[in-house]
Amino acid sequence: MEEQNCMNGRIEKHPILGDLTPVQEVTIYFEGKPIKARAGEPIMAALLAAGVGVFRYTKKGSPRRMFCGIGRCTDCIMNVDGLPGVRTCVTEVRDGMKIERQSGVGIWRVSDSEGDMHGER
Amino acid sequence: MNDNILLKVDGAPSLEELKAAGMLPSIDELKGRGCVCIECIEEIPCNPCETSCPQNAITVGNPITNLPMIDRTKCSLCGLCIPACPGLAITIKSMDGESARIRFPWEYYPLPGKGEIVDMVDRMGKVVCKGKVLAVSNSSSNNRTAVITAEFPSAFIQEVISIRRNYG
Amino acid sequence: MERDNKPAVVIGAGPAGLCAAIELKKAGAPVILMDENSKPGGQLFKQIHKFFGSREHKAGVRGFDIGKELLEESMTSGIDVRLNTEVVGIGQGLSIWAVENRTHAYTMDAAKIIIAAGATENALSFPGWTLPGVMTAGCAQTLINVHRVLPGRRVLMVGSGNVGVIVAYQLLQAGAEVAAVIEAAPQLGGYGVHTAKVRRAGVPFYISTTVAKAEGVECVEHAVIVKVDSKFKPIEGTERMLDVDTICIAIGLTPSIELAGLAGCKMIYVPELGGNMPLHDEYMQTSIPSIYVAGDIAGVEEASTAMEEGRLAGIHAAWSMGFLSEQEMLAKTDIARQRLLALRQGMFGFKRLSAKERIVLQGKSR
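Residues numbered from 1 in each chain as written. Chains lettered and ligands numbered in written order. Predicted model: local features only at pLDDT ≥ 70, side-chain atom pairs only at ≥ 80, totals over all residues.

(A) Representation of the overall build of chain C in the model. A tally of helices and strands in chain C yields 9 helices and 20 strands. On C-alpha atoms alone, chain C measures out to a radius of gyration of 21 Å, which is about the 21 Å that the 2.2 N^0.38 rule sets for 366 residues. Taken over the C-alpha atoms alone, chain C extends approximately 70 × 45 × 35 Å along its principal axes. Of all 366 residues assigned to chain C, the portion counted as buried reaches 61%. Counted over contacts in chain C with a minimum sequence separation of 6, partners at least 24 positions apart contribute 63%. (Helix = DSSP H or I, 4+ residues; strand = E, 2+ residues; numbered from the N terminus. Rg over C-alpha atoms; globule rule 2.2 N^0.38 Å. Buried ≥ 20, exposed ≤ 12 C-beta atoms within 10 Å, placed from the backbone. Contact = placed C-beta atoms within 7 Å.)

(B) Structural detail: the overall build of chain A. Helix and strand content of chain A: 1 helix and 7 strands. The helix and strand sequence of chain A, counted from the amino end, reads β-β-α-β-β-β-β-β. Counting every position in chain A, which comprises 121 residues, the buried fraction comes to 37%. Long-range pairs, those at least 24 residues apart, make up 42% of the contacts in chain A with a sequence separation of at least 6.

(C) Region of interest: the interface of chain C and chain B. If you look at the interface, chain C gives 37 residues, while chain B gives 40 residues. Mapped by element, the contributors of at least two residues to the side of chain C that touches chain B are helix H4 (162-174), helix H5 (192-199), helix H8 (326-343) and helix H9 (346-364) of chain C. Looking at the side of chain C that touches chain B residue by residue, the class counts come to 16 nonpolar, 14 polar and 7 charged. (Nonpolar A, V, L, I, M, F, W, Y, C, P; charged D, E, K, R; others polar.)

(D) Inspection of the interface of chain C and chain A at higher detail. Between chain C and chain A, the contact holds 26 residues from the first and 30 residues from the second. Among the elements of the structure, strand E8 (119-121), strand E9 (134-136), helix H3 (137-145) and H4 of chain C are those that each provide at least two residues to the side of chain C that touches chain A. Looking at which element gives the most residues to the side of chain C that touches chain A, the answer is H3(C), with 6 residues. Within the side of chain C that touches chain A, the residues separate by chemical class into 11 nonpolar, 11 polar and 4 charged.

(E) Just the nonpolar core, in detail. Residue and element names in this part refer to chain C. Of all hydrophobic cores here, the largest spans 201 residues; its most connected members are Ile114 and Ala294. When we break this core down by domain, the ones giving at least three residues each are domain 1 (8-120 + 253-364) and domain 2 (123-249). Sequence-distant contacts of Ala294, that is, excluding residues within four places in its chain, are made with Ala16, Ala20, Ile114, Ala116, Met284, Ala306, Glu309, Gly310, Leu312 and Ala313. (Core = buried A, V, L, I, M, F, W, Y, C linked by C-beta atoms within 7 Å. Domains from an automatic or database assignment.)

(F) Fine view of the sheet that holds strand E9 (residues 162-163) of chain B. All names here are of chain B. Pairing in this open sheet of 7 strands is antiparallel, and the strands run E1-E4-E5-E8-E7-E6-E9 from one edge to the other. For this open sheet the edge positions go to strand E1 (35-38) and E9, each flanked by a neighbour on one side alone. Sheet topology note: the strand E6 (residues 117-121)/strand E7 (residues 127-137) ladder contains 5 bridges and is antiparallel. When the bridges of E7 are listed, Met120 appears paired with Cys129. (Pairing = 2+ DSSP bridges.)

(G) How the structure looks around the domain arrangement of chain C. Residue and element names in this part refer to chain C. Domain boundaries assigned for chain C yield domain 1 (8-120 + 253-364) and domain 2 (123-249). Relative to domain 2, the C-alpha centre of domain 1 lies at a distance of 31 Å. The interface of domain 1 with domain 2 comprises 5 residues on the first partner and 7 residues on the second.

(H) Examining H4(C) more closely. Residues and elements named next belong to chain C. Compared with the 18 Å implied by 1.5 Å per residue over 13 residues, the 18 Å span of H4 between its first and last C-alpha is a close match. In terms of burial, H4 is a largely internal element, 12 of the 13 residues being buried. Those residues of H4 that fall on the buried side of the exposure criterion are Val163, Gly164, Val165, Ile166, Val167, Ala168, Tyr169, Gln170, Leu171, Leu172, Gln173 and Ala174. Elements that come into contact with the buried residues of H4 comprise H3, strand E10 (154-158), strand E11 (177-182), H5 and strand E16 (246-249). Two residues or fewer past H4, Gly175 is found with a positive phi of approximately 105 degrees. (Expected span 1.5 Å × (residues − 1).)

(I) Quick peek at the pairing of strand E2 (residues 33-38) of chain A. Looking at chain direction, strand E1 (residues 25-30) of chain A and E2(A) are connected through 6 bridges and run antiparallel. Paired with A:Val26 across the bridge in E2(A) is A:Ala37.

(J) Layout of the pairing of E16(C). All names here are of chain C. Where burial is concerned, the two faces of E16 agree: the one with Thr246 and Cys248 and the one with Ile247 and Ile249 are both buried. Pairing of E9 with E16, which is carried by 3 bridges, proceeds in the parallel orientation. Looking at the pairing, Met135 lines up with Cys248 of E16.

(K) Expanded view of the sheet that holds E10(C). Residue and element names in this part refer to chain C. In spatial order, the strands read E9-E16-E10-E11-E12; together these 5 strands make up an open sheet with parallel pairing. Of all the strands in the sheet, just E9 and strand E12 (205-206) have a single pairing partner and so form its edges. Pairing analysis gives 5 bridges linking E10 to E11, with the strands arranged parallel. Across the sheet, Arg154 pairs through a bridge with Glu177, a residue of E11. Strands in contact with H3 are E9, E10 and E16; relative to E9, the strand with the most contacts, it is inclined by about 85 degrees. (Axes fitted to C-alpha atoms, helices over the stretch in contact; angles between N-to-C directions.)

Here you go:
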């Protein structure tokens, strides 16, 4: 019998939503490893489709991934392009984006020249 | 509040509950050309079955929480009500001697093919017999609810409600 | 009535907010629609099933198709829609504090404010609930219907209300397996037609059952469910292990009342509709004149009622801004209220109806 989904967890065929329409592909980097992502999708979706099981660890080493998926609970936060605490469920992928797991609240770097914090990019 | 015990405990109605709500056709009604079976036994505001019928054979009326009533003398068995019901609660069944047929809604991928041998299931999803797909209709007017026609042994006509859901 | 130059600001572009903005724009009132997301539509685009109700409630139309229609209407009518815009405060004199793209903050004064911020899913904590694989039903729904990604392969659904049962069905449509739907109460909560669809797909329902724990090293590997007594206490010895990699929590929603609270709106506790929510009158006006609420923030119901409440608020706001005659306002709001009444009928609706009547009674006499 015909398989509905590819091994990577993408829903290619759907009885109501139809076939997955091809969109522009971007490349993001998870812990240095290149991952193909669909332009416009949140980081969370791309990582899940690529089979990433754990998004971060707490200070005590407890694994976390996602909970609400909609930007309210902060379970899915990761270090994105050097900034920790980024909600991956509501942040769109961008070509060349670097995503890393953070431990606890992550490492916060302050810009030397201006001494202020940049917003989420 | 609710006499529908099995429905609220196991998820699907028993034949007794359907009969008590007037939603279980008799064997005589199922013989020959057959009839529409609407398994809608709770009062919720909903009437697309009524508005979808070109023969005005289905009545919900006012308030729209009324259970649908079928006038079998008006029903032409066109089957437009099957994909129209948002609850996917409508089928059309018929029997002729040893063989029975069911037309039922289906919203999964993949669609079975014409001629395919399938497992027929009861309301609990239990396989009760084998069947054969006679037709698959998924025109755009169905709004993505396919209607499948399958043939199966008539001994199971009251039990059978659909085909087995495969997990791909 | 003296017309105000200031715009009406609608916060939240889900079904309630979209309908409110459309009514205001139709009346010719200046309106700005803000939403924190990059796309409007709220939860509507995740609803891939056909809606109930009657033709005027768009019965038989799939949620996301209704969403498309509303979006088109809002675009063709030229509403100023500001996406990626979070409203973080409402100050004295109806001033809105907004942050755009998480970087640019600004304030603006509004003539009227309609808060259509929706509701938040409830969490259920149990040993192992923080493991990757435990998520809300809405999270799973967003993943499968919006992002086209499976949350996992085999799911335990906790909660048998309409959300849990509908998402269980949608998980099957997406190609996942559902090991079971469990319900702590002694009877299932959702519509019989919804549970019947899932049951005939072979998914078992277990009443008087809750999740005892989730186990796994780096993610959920199995769940332990247990029967509960009439006081919802686990019954020792009834534990069962289920092989699942995903546990979805569908135990209800709570109105997202933060902004309404910041603005000083009086609250009322309504357990039938999700908990604390802003008090409102028959036109959806809160205890603060010129601030309205509509949709799930005013009590968790459904998309159809959210749309009508949005219309109600939008029409009344347009009139009080001087853009509709009193006659038009009364006629239009009457239609919306009749439609709401029709949706709040029957064995599932009457509880919501009496709750809403209670709210409006208190809200009218603010």
